[in-house]
Amino acid sequence: MLKLKGVEEVYYPTSVKEAVDLLRKNKDVAEVVGGGLDISVLPNPRIKYLIFLDKLNLNYVKDAGEKIKIGAMSSITDMINAEPLKDYLHGRVKEILSEIATELLRNQITVGGSLGKREPYSDIVTLLYGLNAKVVLSDGEWDEELGINDLYRENFRKGLKERIIKEVILEKYDTGKFFFSMKRHIRNATDIALLNEAILIEKDGNKIKNAIVAVGARPKPAYLFREATEFLKGKELSKELAEEFGKFVESNVETGTDIRTTAEYRAHIAGVFAKRIILESLEG
Ligand SMILES: Cc1cc2nc3c(=O)[nH]c(=O)nc-3n(C[C@H](O)[C@H](O)[C@H](O)COP(=O)(O)OP(=O)(O)OC[C@H]3O[C@@H](n4cnc5c(N)ncnc54)[C@H](O)[C@@H]3O)c2cc1C
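Residues numbered from 1 in each chain as written. Predicted model: local features only at pLDDT ≥ 70, side-chain atom pairs only at ≥ 80, totals over all residues. Heavy atoms only, no water.

Student: Break down the pairing of strand β4 (residues 61-64) for me, with residues and values.
Tutor: As paired strands, β4 and strand β5 (residues 67-71) are joined by four bridges and run antiparallel to one another. Bridge assignment links A64 to a residue of β5, and that residue is K67. (Pairing = 2+ DSSP bridges. Helix = DSSP H or I, 4+ residues; strand = E, 2+ residues; numbered from the N terminus.)

Student: Tell me about the sheet that holds strand β1 (residues 9-11), and name the residues and values.
Tutor: Overall, parallel pairing links the three strands, which are arranged β1-β3-β2 in an open sheet. The open sheet terminates on both sides in strands that have one partner only, identified here as β1 and β2 (30-33). Ignoring strand direction, the axes of neighbouring strands in this sheet form an average angle of 20 degrees. Alignment of β2 against strand β3 (residues 49-52), held across four bridges, turns out to be parallel. Counterpart to V33 in the pairing with β3 is F52. In this fold helix α1 (residues 16-26) packs onto β1, β2 and β3, with an angle of close to 160 degrees to the strand it touches most, β3. (Axes fitted to C-alpha atoms, helices over the stretch in contact; angles between N-to-C directions. Contact = heavy atoms within 4.5 Å.)

Student: Give me unusual backbone geometry: which residues, what numbers.
Tutor: Across the junction of R218 and P219, the peptide omega takes the value 20 degrees, indicating a cis bond. If you trace the backbone, P219 turns up in the loop between β11 (207-216) and β12 (223-224). Positive phi values are uncommon outside glycine, yet N132 reaches one of about 55 degrees. Mapped onto the elements of the fold, N132 is located in the loop between α8 (123-130) and β6 (134-138). A relative accessible area of 37% places N132 in the partly exposed class. (Buried < 20%, exposed > 50% of the residue type's maximum accessible area, 1.4 Å probe, protein only.)

Student: Which residues make up the site of the ligand, and what are the values?
Tutor: Neighbouring the ligand are 31 residues, the closest being V32, G34, G35, T110 and Y121. Separating an oxygen atom of the ligand from a side-chain N or O atom of D38 is a distance of 2.7 Å. Y121 is positioned with one of its side-chain polar atoms (N or O) 2.5 Å from an oxygen atom of the ligand. For the ligand, whose free accessible area comes to 990 Å², the fraction covered by protein is 90%. Among the cavities detected, the one that contains the ligand is the largest pocket. Within the residue set of the shell around the ligand, elements represented by two or more residues are β2, α2 (37-41), α6 (103-108), α7 (111-117), α8 and β8 (164-171). (Near = heavy atom within 4 Å. Polar contact = N/O pair within 3.5 Å; in protein donor to acceptor, adjacent residues only side chain to side chain. Areas by Shrake-Rupley, 256 points an atom, 1.4 Å probe, with all protein chains shown as cover. 1 Å grid on protein atoms, 1.4 Å probe; cavity = no way out; pocket = protein on both sides within 12 Å on 5 of 7 lines; lining within 4 Å. Sits in = over half its atoms within 2 Å of the grid points.)

Student: Break down the pairing of strand β7 (residues 143-147) for me, citing the residues and quoting the values.
Tutor: Bridge count for β6 against β7 is five bridges, and the pairing is antiparallel. Note that in β7 the partner of V136 across the bridge is E145. A loop of four residues connects β6 with β7, the two strands running antiparallel in sequence, and G140 in this loop sits at a positive phi of about 95 degrees.

Student: Please set out the domain arrangement of the chain residue by residue, giving values where relevant.
Tutor: On domain assignment, one finds that the chain holds domain 1 (9-55), domain 2 (57-171) and domain 3 (178-283). Taking only C-alpha atoms into account, the centre of domain 1 sits 36 Å from that of domain 3. (Domains from an automatic or database assignment.)

Student: Which residues make up helix α5 (residues 92-99), and what are the values?
Tutor: Of all the positions in α5, only R92, V93, I96 and L97 are classed as buried. Relative to the axis of α5, the buried residues are bounded by an arc of 135 degrees and lie together on one face. Its buried side turned inward, α5 meets α3 (76-81), α6, α8, β9 (178-185) and α13 (263-283). A positive phi of about 50 degrees marks A101, the residue just after α5. (Arc of directions from axis to C-beta.)

Student: Report on empty space enclosed by the protein, specifying residues and quantitative values.
Tutor: In this approach the atoms are scanned with a rolling probe the size of a water molecule, which exposes any empty space left behind. Counted under the stated rule, the structure contains one cavity of 30 Å³ or more. Taken together, I70, M79, L85, V93, L97, I124, L127, L128, L131 and L170 make up the full set of residues lining the largest cavity. Taken together, the elements giving at least two residues each to the lining of the largest cavity come down to α5 and α8. Split by residue class, the lining of the largest cavity holds 10 nonpolar, no polar and no charged. (Points joined across faces, edges and corners; volume = space filled by probe spheres on them. Nonpolar A, V, L, I, M, F, W, Y, C, P; charged D, E, K, R; others polar.)

Student: Could you give me a rundown of the environment of V253, with the residues and numbers involved?
Tutor: Within the secondary structure, V253 is located in the loop between α12 (239-252) and α13. Judged by relative accessible area, V253 falls into the buried class, the value being 9%. For the pair V253 and V32, spaced 221 residues apart in sequence, the C-alpha to C-alpha distance is 34 Å. In contact with V253, not counting residues within four places along its chain, are V215, Y223, F225, A267 and A270.

Student: So what about the packing of α12 against α13? Which residues, and what values?
Tutor: Packed helix pairs are characterised by how far apart their axes lie and by the angle those axes make with each other. At their nearest, the axes of α12 and α13 sit 7 Å apart, and the two run at 160 degrees to each other. Classified by the interaxial angle, the pair formed by α12 and α13 is roughly antiparallel. Classified by chirality, the crossing of α13 by α12 is right-handed. Note on element contacts: α13 touches α12 through A267, H268, A270, G271, A274, K275, I278, L279 and L282, opposite K239, L241, A242, E243, F245, G246, V249 and E250. Along the lines of polarity and charge, the residues of the contact of α12 with α13 split into 10 nonpolar, three polar and four charged. (Parallel < 35°, antiparallel > 145°, perpendicular 65-115°, else oblique. Left-handed = near helix turned anticlockwise from the far one by under 90°.)

Here it is as structure tokens:
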């Protein structure tokens, strides 16, 4: 935090309402702090007031009947160690979380900070898109549950000057009917992804009833690849489908070129991941 030279005051509110009141009062010169990674690595010189959320009791991963609730201040490590996520979707989510960045970073990155920052390369955002997670925004008096796409409707950053992210809600999927997998293309173990892709498939026997396909680090932020969902719906899972789907994804996914790699390479990787995920689903 040594780089944060312009900061005049730090606050530790004890309720969401108090945090939001502080935020609303100081809008452009105040920022809430999750794990504090972005705020310390890329400080905004305009920020005078930091509002730490540490005292809001938002660090939890709870089994809530048909859902799992994750408090915004939970770190990736908290999620990896949480009992409700241990066997969630056959442990695939835990496995993916364990591969993100380094242990030190995983200890610091919070789910609220990842959603609030929405880095284009974020694995958490792609993962939560793929899981069809709901995000709860709160001003301390009223909570609103939104899908991730709705969270990211225009002006979401402005909206986060009026409310904070309180928690994320995951559906408990029946693994007899649902298959989930996510892949990240990285050049070395601690690298940020050149592309990431998450797919949730709802099955009816061997037929695909519904699917969610999310692609991130394109290098634009993660998006729901609706054409891929339409392609999969109603099809029988098979090796041939994996092949066709891989080609479809490569030809239709929206990717771009940046300093790290080209749009064509990203599209190719997206196709390879799509094919692999369908093949994995066949293996159960
Ligand atoms: C070197 C490095 C490598 C990384 N690699 C990866 C990677 O491979 N994959 C990956 O997914 N991530 C990775 N990250 C993490 C990612 O880039 C963000 O830094 C991280 O998600 C921010 O989390 P944080 O909790 O530290 O947020 P903070 O820095 O505290 O906050 C980020 C933004 O979100 C806002 N915010 C925080 N909490 C809330 C809340 N509850 N409600 C509303 N707004 C909120 C803040 O005001 C701020 O604008 C990496 C980060 C670093 C520094």
